[in-house]
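Overview (structure and organization)
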Amino acid sequence: MKHATPPDRAAQALGAEAHYRALESLYAAAPINHLFDSAIEIPERGCSRIRFNIDARHFHAAGAAHGTIYFKMLDDAAFYAANTLVTDRFLLTTQFNLLFTRPLSEGPVTAEGRWISGQRRVLIADARLIDSVGEEVARGTGTFMRSRIALASLPGYRMR
């Protein structure tokens, strides 16, 4: 009787890296992301980083970034941090709480996402927005649930 040998750590690492790159491709392929000057980086399990630029197109009537951009970038950063742990299914945001601490004006901003807990059906992740001088301007926490949508079925998700 033959015993299956467990996959070696190098193979697991290559699989994880391929999943992270495929998630980055998925972000780039989403039509909504063509509206923003943004790029995602997934450096490791449970983490994501989205760099984007705020300009006057994103402003509300009082001359600062509208809350929709805060939500979008915080939700995306937390979502992708959580989806690093799920290799077969697309996650759905079921709840997201925001805390705005400072207004955003024009310039570069970074959204940093971090997985907090959960690995099976429901995952929790948070994110924060950092402005061009390194100050946190907002943070959010989201709850994400596995959907029935297979990642492999999505046109932007390409394993290499």
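This one's a predicted model, so the numbers in the text were calculated from it and none came from an experiment.

A cluster of nonpolar side chains, contributed by F71, L98 and F100, occupies part of the molecular surface with about 260 Å² of accessible area. Following the sequence through the fold, F71 ends up in helix α2 (residues 67-83).

Here we take up the nonpolar core. Counting 38 residues, the largest nonpolar core has F52, M73 and L129 as its most contacted members. Those elements giving two or more residues to this core turn out to be α1 (9-29), β2 (47-54), α2, β3 (89-100), β4 (107-117), β5 (122-130) and β6 (136-150). At nine residues, α2 tops the list of elements feeding residues into this core. When near neighbours in sequence (up to four residues on either side) are disregarded, L129 contacts F52, Y70, M73, L74, L104, V109, T110, A111, E135, E136, V137 and A138.

Any pair of aromatic rings gets described here by the distance separating the centres and the angle formed by the planes. Counted by the stated rule, this structure contains six aromatic pairs. Judged by centre distance (4.7 Å) and plane angle (85 degrees), the ring pair of F79 and Y80 falls under edge-to-face. Each member of the pair, F79 as well as Y80, is classed as buried. Grouping aromatic residues by their ring pairs yields a cluster made of Y27, F79, Y80, F90 and F144. Sitting over the ring of W115, R45 keeps its end group 5.5 Å from the ring centre.

Attention shifts here to the confidence of the model for the chain. Across the chain, the average pLDDT comes to 92, with 91% of residues at 70 or higher. Counting interchain partners and residues more than four positions distant, the pLDDT-below-50 stretch residues 1-8 has one contact.

For the rest of this paragraph, the subject is the sheet that holds β2. The antiparallel open sheet is built from six strands, whose spatial order is β1-β2-β4-β5-β6-β3. Edge positions in the open sheet fall to β1 (38-41) and β3, since each of these has one partner strand only. For this sheet the average axis-to-axis angle between neighbouring strands, irrespective of direction, equals 25 degrees. Alignment of β2 against β4, held across eight bridges, turns out to be antiparallel. Paired with S48 across the bridge in β4 is G113. Packing against the sheet, α2 makes contact with β1, β2, β3, β4, β5 and β6, and its axis sits at approximately 135 degrees to β3.

So, how was this worked out
Residues numbered from 1 in each chain as written. Predicted model: local features only at pLDDT ≥ 70, side-chain atom pairs only at ≥ 80, totals over all residues. Heavy atoms only, no water. Patch = residues over 30% accessible without salt bridge, like charges linked within 9 Å, V, L, I, M, F, W, Y side chains within 5 Å. Areas by Shrake-Rupley, 256 points an atom, 1.4 Å probe, with all protein chains shown as cover. Salt bridge = Lys/Arg side-chain N within 4 Å of Asp/Glu carboxyl O. Helix = DSSP H or I, 4+ residues; strand = E, 2+ residues; numbered from the N terminus. Core = buried A, V, L, I, M, F, W, Y, C linked by side-chain atoms within 4.5 Å. Buried < 20%, exposed > 50% of the residue type's maximum accessible area, 1.4 Å probe, protein only. Contact = heavy atoms within 4.5 Å. Phe/Tyr/Trp six-rings, centres within 6.5 Å; stacked < 30°, edge-to-face > 60°. Lys NZ or Arg CZ within 6 Å of the ring centre and 35° of its normal. pLDDT = per-residue confidence, 0-100. Pairing = 2+ DSSP bridges. Axes fitted to C-alpha atoms, helices over the stretch in contact; angles between N-to-C directions.

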